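Listed below, chain by chain, are the residues.
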Amino acid sequence: MRRLLACLVAALAASPLVLTAQPVAAATTAPALVIGSDFPDPDILKVGDTYHAYSTNNGNGNVPVATATSLTGPWTRRPDALPTLGAWASGGRTWAPEVFRRADGRYVLYYTALSRSVGRQCIGAATSTSPLGPFTPVGTGPLICNGGEGGDIDASSFVDSTGLRYMLYKDDGNAIGQPTSLWLQQVAADGVTLQGSRVELLRSGRPEEAGVIEAPVLTKVGSRYVLFYSLGGYGGDAYQTSYATSTALTGPYTKAYRSLLTTASLDNAVRGPGGADVVREAGGDRIVFHGWINNNTARGMYVADLGWADGNPVVRGSRVRHEAERGRLNNCAVRSTTTASQGQAVAYIDHADSWVEVTVFAPRAGGYTAHIAYAAGYGDAQHTLTVNGGAAQVVTYPNSGWETWRQVRADVTLNAGYNTLRLTHHSRWAELDFVEIA
């Protein structure tokens, strides 16, 4: 009955104005594959005008390294940065390197390798006068090595606004059937002398994590600490990148509701995105990560634009969901339904002045894709879509049946930062669940 009445009201109120679709905007830019061969767990260091990328070993030495004058390449492979491991380590499993420059000008390399005595992966360090190496191992043993927690891996470095340096790492609990945690350990200015006790920042527990969180990278945006990490099994499409935030260095950290990068959020443009590093630059921040290539036989290195929506990371090319019911509504209403995302949708968008506005964020100005989730039950329906009050395009929703949610896409041009998308009734009747921007 509601729909029949809506039909009558809408027919009487329908405007004679006919809108035609504007020229289609360019779609979003997918992450760029910049090293198309095996280069997993990339770490990026810029020295002068040169970028240095380091990766997990892939049969070509202990720590592969490549250089370029742009993050998008071309990249040139260089000799092994760590030709000799520490005496405590055996070769073949040198993982997730991190290189940084300390105040005295020397470069420090954190690396993960198999401990001969413990039989688990542990974290060691080496130093060099050049970012290309060769790096010389520090000490006679690893920096972090706790066999009782399955070993320790994936070290990275962070310097707080106070000037204090910290190491982040993962205990390898999943290797012995235990939950995994991400840890923060203060180190001296030399980067290799541990200071005080470690602090647990995050622990695995969500179903999609499958007991694994790893590859921690920390940055600070304004007053907010943002902790990036990978989750799930690295060997397939389910591997992904998420983040957690806190207003204090030592936490507590709150995990994001949805992961930042997944195979699905990237529309299969990258498979199993993980091992991420963040590059903060005046010209615009970017995220560098790996994904499976060559029929899942290698992990190539990808680069994507990165922005910050009130301190939360947004990656160009990866979908961000905006629930329609949380937007601004005019002459329409929220309806509860178990079939929709978050249990609600916007209904009664039945009149000439019925509209839904959502605010979305773009890391860079340019072309993006809006994926609009809808249900239409009485034939094909249409809304008009405007961006920031500009020219309208008509969005058509093929008949789906009520409670059957489908998606249509509309290519839009967004400004860098926040933008307003408005969907206004045009013909027949459709309900809205969410809009995803990539």
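Treat the numbers as computed from the prediction; the structure is a model and nothing was measured.

1. Some remarks on the pairing of strand β2 (residues 43-47)
- Two strands pair when backbone bridges link them, and β2 and strand β3 (residues 50-54) are joined in this way by 5 bridges, in the antiparallel orientation. Residue D43 lies in a different strand from β3, and its bridge partner there is Y54.
- The turn linking β2 back onto β3 is made up of 2 residues, and G48 within it adopts a positive phi angle of 65°.

2. Quick notes on the pattern of salt bridges
- Using the criterion set out here, one finds 22 salt bridges in the structure.
- Salt-bridge contacts for R321 lead to E436; the nearest nitrogen and oxygen are separated by 2.8 Å. With R321 in strand β22 (residues 320-323) and E436 in strand β32 (residues 431-437), this pair connects stretches of sequence that are 115 residues apart.
- One salt bridge in this structure joins R422 and E357, with 2.7 Å as the shortest N-O distance. Within this pair, whereas R422 is found in strand β31 (residues 417-427), its partner E357 is found in strand β26 (residues 355-362), the two being separated by 65 residues in sequence.

3. Regarding the environment of L414
- Along the chain, the position of L414 falls in strand β30 (residues 406-414).
- Dropping the residues within four chain positions of it, L414 is found in contact with V360, A362, R364, A365, G366, Y368, V387, N419, L421 and I437.

4. Quick word on the sheet that holds strand β8 (residues 121-128)
- Reading across from one edge, β6-β7-β8-β9 is the order of the 4 strands in this open sheet, with antiparallel pairing throughout. Either end of the sheet is taken by a strand with one partner, and the two such strands are β6 (89-101) and β9 (136-137).
- Sheet topology note: the β6/strand β7 (residues 107-115) ladder contains 7 bridges and is antiparallel. Bridge pairing in β7 places S90 opposite L114.

5. Examining the UniProt feature "active site" (unreviewed entry) in the protein
- Listed under "active site" (unreviewed entry) in the UniProt record, and renumbered for this structure, are D41 and E214. Spanning 174 residues, the annotated positions come together in the fold, the maximum distance between their C-alpha atoms being 10.8 Å.
- Structurally, the position occupied by D41 is in the loop between β1 (32-35) and β2.
- Exposure remark for D41: the relative accessible area of 16% places this residue in the buried category.
- Apart from residues lying up to four places away in sequence, D41 is in contact with Y54, S55, T56, A96, P97, G275, H290 and R299.
- Topologically, E214 is positioned in strand β14 (residues 213-221).
- If sequence neighbours within four positions are ignored, E214 has contacts with I153, D154, K170, L182, Y229, S230, G232, Y234 and Y239.
- A polar side-chain atom of E214 sits 3.1 Å from a polar atom in the side chain of K170.

6. With respect to the nonpolar core
- In this structure, Y397, L414, L421 and L432 are the most contacted members of the largest nonpolar core, which totals 28 residues.
- Of all the elements in the fold, those that place two or more residues in this core are β26, β27 (366-375), β28 (381-387), β29 (393-397), β30, β31 and β32.
- Those residues in contact with L421, other than ones at most four positions away along the chain, are V356, E357, V358, V360, A370, L385, T386, V387, L414, V435 and I437.
- Counting residues in each nonpolar core, the second largest holds 21 residues, with V221, A256, I287 and F289 among its members.

7. Examining the domain arrangement of the protein
- As far as domains go, the protein holds domain 1 (32-315) and domain 2 (321-437).
- The partner domain 2 presents 9 residues to the 14 residues of domain 1 that form the contact.
- Roughly 770 Å² is buried in total at the junction of domain 1 and domain 2, and carbon and sulfur atoms are behind 47% of that figure.
- When the area that domain 1 buries against domain 2 is broken down by residue, the three leading residues are R258, D305 and V314, summing to 45%.

8. Thoughts on the state of the cysteines
- Applying the stated criterion across every chain yields a total of 1 disulfide.
- Between C122 and C145 runs a disulfide, and the two sulfur atoms are separated by 2.0 Å. Disulfide C122-C145: torsion about the S-S bond near 50°, hence right-handed. Linking C122 in strand β8 with C145 in the loop between β9 and β10 (152-159), this pair joins segments that are 23 residues apart in sequence.
- Using a relative accessible area of 0% as the deciding quantity, one classes C122 as buried.

Rules behind the numbers
Residues numbered from 1 in each chain as written. Predicted model: local features only at pLDDT ≥ 70, side-chain atom pairs only at ≥ 80, totals over all residues. Heavy atoms only, no water. Pairing = 2+ DSSP bridges. Helix = DSSP H or I, 4+ residues; strand = E, 2+ residues; numbered from the N terminus. Salt bridge = Lys/Arg side-chain N within 4 Å of Asp/Glu carboxyl O. Contact = heavy atoms within 4.5 Å. UniProt positions renumbered as here; feature names shortened; annotations may be inferred. Buried < 20%, exposed > 50% of the residue type's maximum accessible area, 1.4 Å probe, protein only. Polar contact = N/O pair within 3.5 Å; in protein donor to acceptor, adjacent residues only side chain to side chain. Core = buried A, V, L, I, M, F, W, Y, C linked by side-chain atoms within 4.5 Å. Domains from an automatic or database assignment. Buried area = accessible area lost by both parts, 1.4 Å probe. Disulfide = S-S within 2.5 Å.

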